[in-house]
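One letter stands for each residue in the lines below.
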Amino acid sequence: MKDTLLLGSEGIKKTILHGGTGEIPKLITGAKVTFHFRTQLCDDERTVIDDSKVVGRPMEIVIGNMFKLDIWEALLSSMRTGEVAEFWCDTVHTGVYPIVSKSMRRIAEGKDPVDWHIHTCGMANMFAYHSLGYEDLDELMKEPKPLYFVFELLKSWALSDEERLKVVPVLHGQGNKLYKQGHYQEAMQKYKEAIICIKNVQTKEKAWEVPWMKLEKMSNTLTLNYCQCLIRTEEYYEVIEHTSDIINQHPGLTSSFMSLGLTLFPVTWWIYNWCCAA
């Protein structure tokens, strides 16, 4: 039975082709998702662009990490395990697809997915190249179109603590790169996702012992990176809130500086250096 509905985002229509089982999983940052997908043009023939079943293996992504077609995360988050659904997505959501498709095809061919980390806001840079290496993708890049995505959600599960900690430096690096490019909102999201991963692991450690403190330093460093983005976007009250929390949690480290009447931002900078110290 088909059940058509509109999701919260504009330019998306979902049609359930086969119902899944259980509750809709909460795909938070760090969750893994395995699924089959088929991408089709919105023409009379429903021309297939990519099909994971033809490749012979399902797709696997980690929510909040590395995969740059963000809308797919939102679509998958609306599905139950075993569900098959078709999503019509307008061009506002599909413009970056040719770049992502190129990377997926290169992986299937056993090649290096060199463009895997390119962010949506970097799409314009791709026009400096004469070709993506695939004629159909070149055409779609020149003239973005609405697309159909057909997903079959096979499995979803949370990352282990070890896997979460491996994700942190990747997210940190992505955030730093976005910050240098002036994409402060996107950088903030990466730092936030990394902090969430750390906090999930930290809750299992005993407070103030060595493992907990190591994670605390990592978290504080990312929080201060996050605050640097807030400063750039003039969200000063939130900066004060986050940095005050760090100062309150570690009063012995900042009391001598505060007694000298230093302002918050120099103290924040000093804490940043302390957090980064090896």
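Everything below is about the structure printed above this text.
Rules used in this analysis
Residues numbered from 1 in each chain as written. Predicted model: local features only at pLDDT ≥ 70, side-chain atom pairs only at ≥ 80, totals over all residues. Heavy atoms only, no water. Axes fitted to C-alpha atoms, helices over the stretch in contact; angles between N-to-C directions. Helix = DSSP H or I, 4+ residues; strand = E, 2+ residues; numbered from the N terminus. Parallel < 35°, antiparallel > 145°, perpendicular 65-115°, else oblique. Left-handed = near helix turned anticlockwise from the far one by under 90°. Contact = heavy atoms within 4.5 Å. Nonpolar A, V, L, I, M, F, W, Y, C, P; charged D, E, K, R; others polar. Phe/Tyr/Trp six-rings, centres within 6.5 Å; stacked < 30°, edge-to-face > 60°. Buried < 20%, exposed > 50% of the residue type's maximum accessible area, 1.4 Å probe, protein only. Lys NZ or Arg CZ within 6 Å of the ring centre and 35° of its normal. Expected span 1.5 Å × (residues − 1). Pairing = 2+ DSSP bridges. Core = buried A, V, L, I, M, F, W, Y, C linked by side-chain atoms within 4.5 Å.

Draft legend 1. Quick look at the packing of helix H7 (residues 184-202) against helix H8 (residues 210-232). Running from amino to carboxyl end, H7 crosses H8 at an angle of 160°, the nearest separation of the two axes being 9 Å. Here H8 runs roughly antiparallel to H7, going by the angle between their axes. When the axes of H7 and H8 are compared, the crossing they make is left-handed. Residues Tyr184, Ala187, Met188, Tyr191, Lys192, Ala194, Ile195, Ile198, Lys199, Val201 and Gln202 of H7 form the contact with H8, whose own contacting residues are Trp212, Leu215, Glu216, Met218, Ser219, Leu222, Thr223, Asn225, Tyr226, Cys229, Leu230 and Arg232. Looking at the contact of H7 with H8 residue by residue, the classes come out as 15 nonpolar, 4 polar and 4 charged.

Draft legend 2. Local environment of the packing of aromatic side chains. Tallied over the full model, the rule gives 12 aromatic pairs. Seen in terms of ring centroids, Trp72 and Tyr97 are 6.3 Å apart; in terms of plane orientation they differ by 40°. Their pairing is tilted. Here Trp72, found in helix H2 (residues 70-76), pairs with Tyr97, found in helix H4 (residues 97-108); they are 25 residues apart in sequence, far enough to count as distant. Overall, Tyr97 belongs to the buried group, its relative accessible area being 0%. Pairing Phe149 with Phe151 gives two aromatic rings, centres 6.2 Å apart and planes at 0°, and the pair type is stacked. For the pair Phe149 and Phe151, a shared accessibility class is recorded, and that class is buried. Connected via pairs of aromatic rings, a cluster forms that spans Phe35, Phe37, Trp72, Phe87, Tyr97, Phe149 and Phe151. Looking at Arg46, its charged tip hangs above the ring of Tyr148, at a distance of 3.6 Å from the centre. The side chain of Lys155 reaches across the aromatic face of Trp157, ending 4.5 Å from its centre.

Draft legend 3. View of the packing of helix H6 (residues 161-180) against H7. In contact at an axis separation of 8 Å, H6 and H7 are set at 160° when each is read in the N-to-C sense. On the basis of their axis angle, the class for H6 and H7 is roughly antiparallel. Considering how the two elements wind past one another, H6 and H7 form a crossing that is left-handed. Contacts between H6 and H7 involve Asp161, Arg164, Leu165, Val167, Val168, Leu171, His172, Gln174, Gly175, Asn176, Leu178 and Tyr179 on the former and, on the latter, Tyr184, Glu186, Ala187, Lys190, Tyr191, Glu193, Ala194, Cys197, Ile198, Asn200 and Val201. For the contact of H6 with H7, the per-class residue count stands at 13 nonpolar, 5 polar and 5 charged.

Draft legend 4. The arrangement of H7 in detail. In this model, H7 (19 residues) spans 26 Å end to end at C-alpha, consistent with the 27 Å of a helix rising 1.5 Å per residue. Regarding H7, the residues found buried are Ala187, Met188, Lys190, Tyr191, Glu193, Ala194, Ile195, Cys197, Ile198, Val201 and Gln202.

Draft legend 5. Seen up close, the pairing of strand S3 (residues 32-41). The element S3 is largely enclosed, with a buried count of 9 among its 10 residues. Where S3 meets strand S5 (residues 59-62), 4 bridges bridge the pair, whose relative direction is antiparallel. Across the sheet, Phe35 pairs through a bridge with Met59, a residue of S5. For S3 and strand S7 (residues 147-157), the ladder comprises 10 bridges, and the chain directions are antiparallel. Note on S7: the bridge partner recorded for Arg38 is Val150. Pairing of S3 with strand S4 (residues 48-51), which is carried by 3 bridges, proceeds in the antiparallel orientation. Following the sheet pairing, Thr39 is matched in S4 by Asp50. Taking the residues that link successive antiparallel strands as the turn, the S3-S4 hairpin has 6 residues, and the phi of Arg46 there is positive, at about 50°.

Draft legend 6. Examining the nonpolar core more closely. One finds Phe35, Trp72, Leu75, Leu76, Tyr97, Phe149 and Phe151 to be the most contacted residues of the largest nonpolar core, which totals 34 residues. Counting residues per element, the ones that place at least two in this core are S3, S5, H2, strand S6 (84-89), H4, helix H5 (135-142) and S7. Sequence-distant contacts of Phe149, that is, excluding residues within four places in its chain, are made with Arg38, Thr39, Leu69, Trp72, Leu75, Ala85, Glu86, Phe87, Cys89, Thr94 and Tyr97. Counting residues in each nonpolar core, the second largest holds 21 residues, with Val201, Cys227, Cys229 and Val239 among its members.

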